[in-house]
Amino acid sequence: MAAVGFCGDWFLSTSDKKLVAVHTREVREPFVFDCSTAEKKPKDVKTDSDGGGSDETGSDKILAFNVSPSGKLAALTDDTKRLVLFHCRPSWRLISIRWVVRRCTSLVFSQAEEELLVADKSGDVYSFSVKEPQKEGELKLGHLSMLLAITLTPNDKYIITADRDEKIRVSRLSSPYNIQSFCLGHQEFVSALLVPSGLPQWLLSGSGDGTVKLWDYESGRMLQSWNLTELEDAPNSDTDKQMPAVSRISSSPDARHVAVQRERVPTVQFFRLDQEAEKRLVLCSRLTLPHCPLDMTFDPQGRLWVLMDCNDAPLQIYTHRTGCWELDAESPEFIRVIEALKPHWDTLQASATAESRFKHLHKVNFDNMAYYMQKKQQRLEQQKKKKRTAKKAQEEENGADQKKAKKAPEAVTESSN
């Protein structure tokens, strides 16, 4: 998974098996963590591959990462089922490597930074202690389908989870069996969640149906919905079969800008949130990119960093000036990051060519009548083909009989002579 983020003044990039952290303001040695050389799973640690499960081994590819609210901690998980915890400030160091039961899709730290919550592909959420970094995880809650996103409200009161079956569930963190509400309205899997900065009463969600929605999550009431496909000038030829999923929703630190990214679409849509307006999610502008984005993040100064599917210039930085977003390629922070990342371009390219994580999550629409008519047409064509073959064989047989009948009198005449 190719992804970017910020941990204070540290720029973070994950690609394939590596996490690379680069300090944007000071000349420091980049921190690199390679999962392929990390600690292997002890034999006494049980995961879902034990006890009759699948024996599939992981490839050490990073699946998800996140940073704590203060920027002091970071965590990642890979497809070998590691859960790795780091201390980031003032310098980077590894705290612990633990093991999850199943492969994870999303991580989030609590606001108090006492626990790390991980959502996995089986629909479960486990809580891992930060204060006791060697302690095993505890099952917190579960869905009936794969979880794709997880977030917490700023006061740690609610845990919000989103799954493949279009559901967003709001539960109390202290007692997750108490469900506060469901936010229902998406027509496809829910792929992104965000409680925007400065507006803790609202929730933004993105989905495989190509929409972004605004919710009052405590009541489960939808406040507004935008269909992002309708905002495009022309449909992308690659998106004819499947609607491009919303892959990231990000908010600037001052909450002035909300950026929405979709897979395989070379644009970023910008919104702003207005508590006083009738339509509270207001469309502002659109940034057209030279290539399709893989991920994006805001830095502490409110600049947008975009990681793109491009070998030559995969990373760009944009600054908001005079009402529009402008490329800021001369930024010293940007130049420092680019120089530090150059030795790792190969792993970044490997992540760019990886298969979409949403590819197999879209619903398969099955039209019974169309299927029946297709099969009927195939049967009719087969019957016609059989009739043509039989008719041709009969004609050939009749022709052979006629030749024999014609030759017989000639043979009799010759014998009588």
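Residues numbered from 1 in each chain as written. Predicted model: local features only at pLDDT ≥ 70, side-chain atom pairs only at ≥ 80, totals over all residues. Heavy atoms only, no water.

Novice: Explain the packing of aromatic side chains to me, please; I cannot follow it from the model alone.
Specialist: Given two aromatic rings, one states the distance between the centres and the angle between the planes to describe the pair. Following the criterion strictly, the structure yields 14 aromatic pairs and no others. Between the aromatic rings of tyrosine 158 and tyrosine 217, the centroid separation amounts to 6.0 Å while the plane-to-plane angle is 75 degrees, which identifies the pairing as edge-to-face. Remark: tyrosine 217 occurs in the loop between β19 (211-216) and β20 (221-227) and tyrosine 158 occurs in strand β14 (residues 158-163); sequence separation between them is 59 residues. The buried category is assigned to tyrosine 158, whose relative accessible area is 3%. (Phe/Tyr/Trp six-rings, centres within 6.5 Å; stacked < 30°, edge-to-face > 60°. Helix = DSSP H or I, 4+ residues; strand = E, 2+ residues; numbered from the N terminus. Buried < 20%, exposed > 50% of the residue type's maximum accessible area, 1.4 Å probe, protein only.)

Novice: Even after reading the chapter, I still don't get the sheet that holds strand β16 (residues 179-183), so can you show me in this structure?
Specialist: What holds strands together in a sheet is hydrogen bonding between their backbones, with the strands either parallel or antiparallel. Within the open sheet, the four strands sit side by side as β13-β14-β15-β16. Their pairing is antiparallel. Two strands bound the open sheet, and with one partner strand each, they are β13 (147-152) and β16. Mean inter-strand twist for the sheet, computed between neighbouring axes without regard to direction, equals 20 degrees. Pairing analysis gives five bridges linking β14 to strand β15 (residues 168-172), with the strands arranged antiparallel. For alanine 162, the partnering residue across the bridge sits in β15 and is isoleucine 168. (Pairing = 2+ DSSP bridges. Axes fitted to C-alpha atoms, helices over the stretch in contact; angles between N-to-C directions.)

Novice: Honestly, the sheet that holds strand β4 (residues 31-34) in this entry has me stumped. Any pointers?
Specialist: Judged by pairing direction, the sheet is antiparallel, and its four strands sit side by side in the order β1-β2-β3-β4 without closing on themselves. One side of each edge strand has no neighbouring strand; the edge strands of this open sheet are β1 (3-7) and β4. Recorded for the sheet is a direction-independent mean angle of 15 degrees between the axes of neighbouring strands. Helix α1 (residues 332-341) contacts β2 (10-15) and β3 (18-23) of the sheet and is inclined by roughly 145 degrees relative to β3. (Contact = heavy atoms within 4.5 Å.)

Novice: Quick question: what am I supposed to make of the pattern of salt bridges here?
Specialist: Within this structure, the stated rule accounts for 17 salt bridges. The residue aspartate 78 makes a salt bridge to arginine 82 at a minimum N-O spacing of 2.7 Å. Note that arginine 102 and aspartate 124 form a salt bridge whose closest N and O atoms lie 3.7 Å from each other. One end of the pair, arginine 102, is in the loop between β8 (93-99) and β9 (104-109); the other, aspartate 124, is in strand β11 (residues 124-129), with 22 residues separating them in the sequence. The exposure class of arginine 102 is partly exposed, given its relative accessible area of 26%. Look at the salt bridges and you will find they share partners, linking Asp60, Asp78 and Arg82 into a network. (Salt bridge = Lys/Arg side-chain N within 4 Å of Asp/Glu carboxyl O.)

Novice: Got a minute to help me understand the environment of aspartate 328 in this structure?
Specialist: As for its position among the elements, aspartate 328 is in the loop between β28 (324-327) and α1. Sequence-wise, aspartate 328 and leucine 304 are 24 residues apart; in three dimensions their C-alpha atoms are separated by 9.8 Å.

Novice: How do you make sense of the pairing of β1 when you look at a structure like this?
Specialist: In regular strands, side chains alternate between the two faces of the sheet. For β1, the buried fraction is high: five of the five residues fall into the buried class. Taken together, the five bridges between β1 and β2 define a ladder with antiparallel strand orientation. Considered in β2, the bridge of phenylalanine 6 is made with phenylalanine 11. Between β1 and β2, which pair antiparallel and follow one another directly, the connecting turn spans two residues, one of which, glycine 8, has a positive phi of 65 degrees.

Novice: Please clarify how the nonpolar core should be interpreted in this entry.
Specialist: Considering soluble globular proteins, one finds that nonpolar side chains tend to be buried as a cluster. Core analysis: the biggest nonpolar cluster contains 21 residues, and Leu12, Leu19, Phe31, Phe33, Leu76, Phe86 and Trp92 have the highest contact counts within it. Among the elements of the structure, β1, β2, β3, β4, β5 (62-67), β6 (73-78), β7 (82-87) and β8 are those that each provide at least two residues to this core. With three residues, the top contributor of residues to this core is β5. Those residues in contact with leucine 19 that sit more than four places away from it in its chain are Leu12, Ser13, Thr14, Phe31, Val32, Phe33, Ile62, Leu76, Phe86 and Trp92. Membership of the second largest hydrophobic core comes to 17 residues, among which are Phe6, Phe11, Val337 and Leu341. (Core = buried A, V, L, I, M, F, W, Y, C linked by side-chain atoms within 4.5 Å.)

Novice: So what exactly am I meant to see when it comes to a positive patch on the surface here?
Specialist: A cluster of basic side chains, namely Lys384, Lys385, Lys387 and Arg388, defines a positive patch on the protein surface. Turning to its location among the elements, arginine 388 is positioned in helix α3 (residues 368-416). (Patch = residues over 30% accessible without salt bridge, like charges linked within 9 Å, V, L, I, M, F, W, Y side chains within 5 Å. Areas by Shrake-Rupley, 256 points an atom, 1.4 Å probe, with all protein chains shown as cover. Lys, Arg positive; Asp, Glu negative; His and termini not counted. Charge placed at Lys NZ, Arg CZ, Asp CG, Glu CD.)

Novice: Is there a simple way to explain the environment of threonine 151 in this structure?
Specialist: Residue placement: threonine 151 occurs in strand β13. Taking relative accessible area as the criterion, threonine 151 reaches 12% and is therefore assigned buried. Residues threonine 151 and valine 108, 43 residues apart in the sequence, show an inter-C-alpha distance of 6.1 Å.

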